Amino acid sequence: MKRSYDVKKEAVIMFKKSQAALEFLTTYVWAFLGIMIALGALYYFGIFEFSKFLPQKCIFSSQFECTAFSFEGNQIKFRLVNNIGEEIKVKTISISPPLDCSSTQSTPLDWESEGEIDFTFTLGDCPEEVFIEGERTEAQITMTYCAPATTGCLESEDVDHTINGKITAIVT
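To start, this report covers the structure provided alongside it.

A few words now on the state of the cysteines. A disulfide bridge is the covalent bond that connects two cysteines by way of their sulfur atoms. Evaluated as defined, the whole model comprises two disulfides. Residue pairing for Cys58: its cysteine sulfur links by disulfide to Cys66, the two sulfurs lying 2.0 Å apart. Here the S-S torsion is close to 95 degrees, and the disulfide linking Cys58 with Cys66 is therefore right-handed. Of the two residues, Cys58 and Cys66, neither departs from the other in class, the shared state being buried.

This brings us to the environment of Arg79. Along the chain, Arg79 falls in strand S3 (residues 75-82). Once the C-alpha coordinates of Arg79 and Phe119 are considered, the two residues, 40 residues apart in sequence, prove to be 6.1 Å apart. For Arg79, the contacting residues outside a window of four places in its chain are Glu65, Cys66, Thr67, Ala68, Glu116, Ile117 and Asp118.

Take the packing of aromatic side chains next. In total, this model carries eight aromatic pairs according to the counting rule given. Aromatic side chains Phe78 and Phe119 sit 5.2 Å apart centroid to centroid with 25 degrees between the ring planes, which places their arrangement in the stacked category. With Phe78 in strand S3 and Phe119 in strand S7 (residues 116-122), this residue pair connects regions lying 41 residues apart in the sequence. Like Phe78, the residue Phe119 is buried in the burial classification. For Phe119, a relative accessible area of 2% translates into the label buried.

The subject of this paragraph is the pattern of salt bridges. Summed over all chains, the structure comprises six salt bridges. With a closest N to O distance of 3.9 Å, Arg79 and Glu116 form a salt bridge. Linking Arg79 in strand S3 with Glu116 in strand S7, this pair joins segments that are 37 residues apart in sequence. Close ionic contact of Asp110 with Lys89 constitutes a salt bridge, the shortest N to O distance being 2.4 Å. With Asp110 in strand S6 (residues 109-111) and Lys89 in strand S4 (residues 88-96), the pair connects residues that are 21 residues apart, well separated along the chain. On the accessibility criterion, Asp110 (48% relative accessible area) is partly exposed. Linked through salt bridges whose partners overlap, the residues forming this network are Arg79, Glu116 and Asp118.

In this structure, Phe60, Ile76, Phe78, Trp111 and Phe119 are the most contacted members of the largest nonpolar core, which totals 27 residues. Those elements that provide at least two residues to this core are strand S2 (64-72), S3, S4, S6, S7, strand S8 (136-146) and strand S9 (161-170).

Cut-offs used in this document
- Within any chain, residue numbers begin from 1 and follow the written order of that chain's sequence.
- For this predicted model, a pLDDT threshold of at least 70 governs which residues receive local features, and a threshold of 80 or more governs which side-chain atom pairs are given and counted, while totals over whole chains, interfaces and linings are taken from all residues.
- Excluded from the side-chain calculation are hydrogens and water; included are all heavy atoms of the structure.
- Count a disulfide wherever a pair of cysteine sulfur atoms falls within 2.5 Å.
- Here the term buried applies to any residue with accessible area under 20% of the maximum for its type, exposed to any over 50%, and partly exposed to those in between, with areas from a 1.4 Å probe on protein chains only.
- The secondary structure listing takes helices from DSSP runs of H or I that are at least 4 residues long and strands from runs of E that are at least 2 residues long, numbered from the N terminus.
- Residues are treated as being in contact if the distance between any of their heavy atoms lies within 4.5 Å.
- Any Phe, Tyr or Trp ring, taking Trp's six-membered ring, that has another such ring centre within 6.5 Å forms a pair; planes under 30 degrees apart are called stacked, those over 60 apart edge-to-face, and the others tilted.
- By convention in these notes, a salt bridge is any Lys or Arg side-chain nitrogen within 4 Å of a carboxyl oxygen on Asp or Glu.
- Buried Ala, Val, Leu, Ile, Met, Phe, Trp, Tyr and Cys residues that are joined via side-chain atoms within 4.5 Å together make up what is termed a nonpolar core.

This is the structure:
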């Protein structure tokens, strides 16, 4: 049987051990909290914004090669090469940026095989400065075309082909 003196002595020793453990854990909590605050500050100031390191790209199907592209103010510019192997007639081409406005050029245009065409879209129904300089943005492009050699190319929509493309770039 233990004496009351021994029980008190053990309680004091147990209290000192638990106090040391609590102080040990508290030290780690403060260190963890400091690291979290430092990471939060770095994130706030854009250190962890990896999108600025991603490449700029212009993606179309293999029939159309995108050789140049840019976003400038309220304009989207890109150059495509016709790699289909025959002349085509572009019926519509439209761009939908990630905004509440879109621009469409619906004039039919003839495009010879291996020919390059520069497209420039001015987003006139949008605010003056649509894109923010230095920011990464993207635009979806949809083009409808047909081959004049195909019967009914100009009269019917049954022979139309539709392709989609995407431009991702930094606004200059």
